[in-house]
Amino acid sequence: AETQMAVDDADRKARDALRDRDEARADADRLSNELREAKSKEYAAVDELDACRRRLEEDAVARDTLRRELEDAQKAAHEGEQQAASARADEARLRGELAA
């Protein structure tokens, strides 16, 4: 009877150990899948961050180009105003000479 109890006890412990091992494997598989998903999300986030950086750099270049174009337009407008003022002065001088 004691031998049978010892065998039953050993059998129960072996089944418990097998169940614990199977649960541990299932946990390890689940954690491995979660880690794989997390790494995938991390890579996607890094890719998106890189894309955002590229867009910011492109926006900065476009902004600089527009700023230079605006400065060039303002310079041209100022030169045009100076030429117009000079032309008006020449016209007034010529009118004065004609009137004299």
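Before any of the text, the structure's been laid out above.
Since this is a predicted model, take the numbers as computed values, not measurements.

Novice: What am I meant to see in the overall build of the protein chain here?
Specialist: From N to C terminus, the protein chain includes one helix and zero strands. A compact globule built from 100 residues would reach a C-alpha radius of gyration of about 13 Å, whereas the protein chain, at 43 Å, exceeds it by more than 25%. Each of the three principal axes of the protein chain carries a C-alpha extent, and together these read 145 × 10 × 5 Å. With 100 residues in all, the protein chain has 1% of them scored as buried. Between the averaged position of the 20 positive side-chain charges in the protein chain and that of its 28 negative side-chain charges there is a distance of 1 Å.

Novice: So what exactly am I meant to see when it comes to the pattern of salt bridges here?
Specialist: Where charged atoms of side chains with opposite charge meet at close range, the side chains can pair. Across all of its chains, the model carries 15 salt bridges by this definition. Measuring nitrogen to oxygen at the nearest pair gives 3.0 Å for the salt bridge that ties Arg21 to Asp22. A relative accessible area of 39% means that Arg21 is categorised as partly exposed. Among the residues examined, Asp22 registers a relative accessible area of 40% and is labelled partly exposed. Here Asp50 makes a salt bridge to Arg53, at a shortest N to O gap of 3.3 Å. Within this pair, Asp50 and its partner Arg53 are both found in helix α1 (residues 2–99), separated by three residues, close to a single helical turn.

Novice: What exactly am I supposed to notice about the environment of Asn33 here?
Specialist: Here Asn33 lies in helix α1. Asn33 gets classed as partly exposed once you look at its relative accessible area, which sits at 36%. At a separation of 2.6 Å, a polar atom in the side chain of Asn33 contacts the side chain of Arg36.

Novice: Honestly, the environment of Arg19 in this entry has me stumped. Any pointers?
Specialist: In this structure, Arg19 sits in helix α1. For the pair Arg19 and Leu66, spaced 47 residues apart in sequence, the C-alpha to C-alpha distance is 70 Å.

Novice: Would you mind showing me how to read the environment of Asp90 here?
Specialist: Tracing the backbone shows Asp90 in helix α1. What makes Asp90 partly exposed here is its relative accessible area of 35%. As a C-alpha pair, Asp90 and Glu71 span 19 residues in sequence and 28 Å in three-dimensional space.

Rules behind the numbers
- Residues numbered from 1 in each chain as written.
- Predicted model: local features only at pLDDT ≥ 70, side-chain atom pairs only at ≥ 80, totals over all residues.
- Heavy atoms only, no water.
- Helix = DSSP H or I, 4+ residues; strand = E, 2+ residues; numbered from the N terminus.
- Rg over C-alpha atoms; globule rule 2.2 N^0.38 Å.
- Buried < 20%, exposed > 50% of the residue type's maximum accessible area, 1.4 Å probe, protein only.
- Lys, Arg positive; Asp, Glu negative; His and termini not counted.
- Charge placed at Lys NZ, Arg CZ, Asp CG, Glu CD.
- Salt bridge = Lys/Arg side-chain N within 4 Å of Asp/Glu carboxyl O.
- Polar contact = N/O pair within 3.5 Å; in protein donor to acceptor, adjacent residues only side chain to side chain.

So, to be careful, I would describe these as geometric facts and stop short of saying anything about function.
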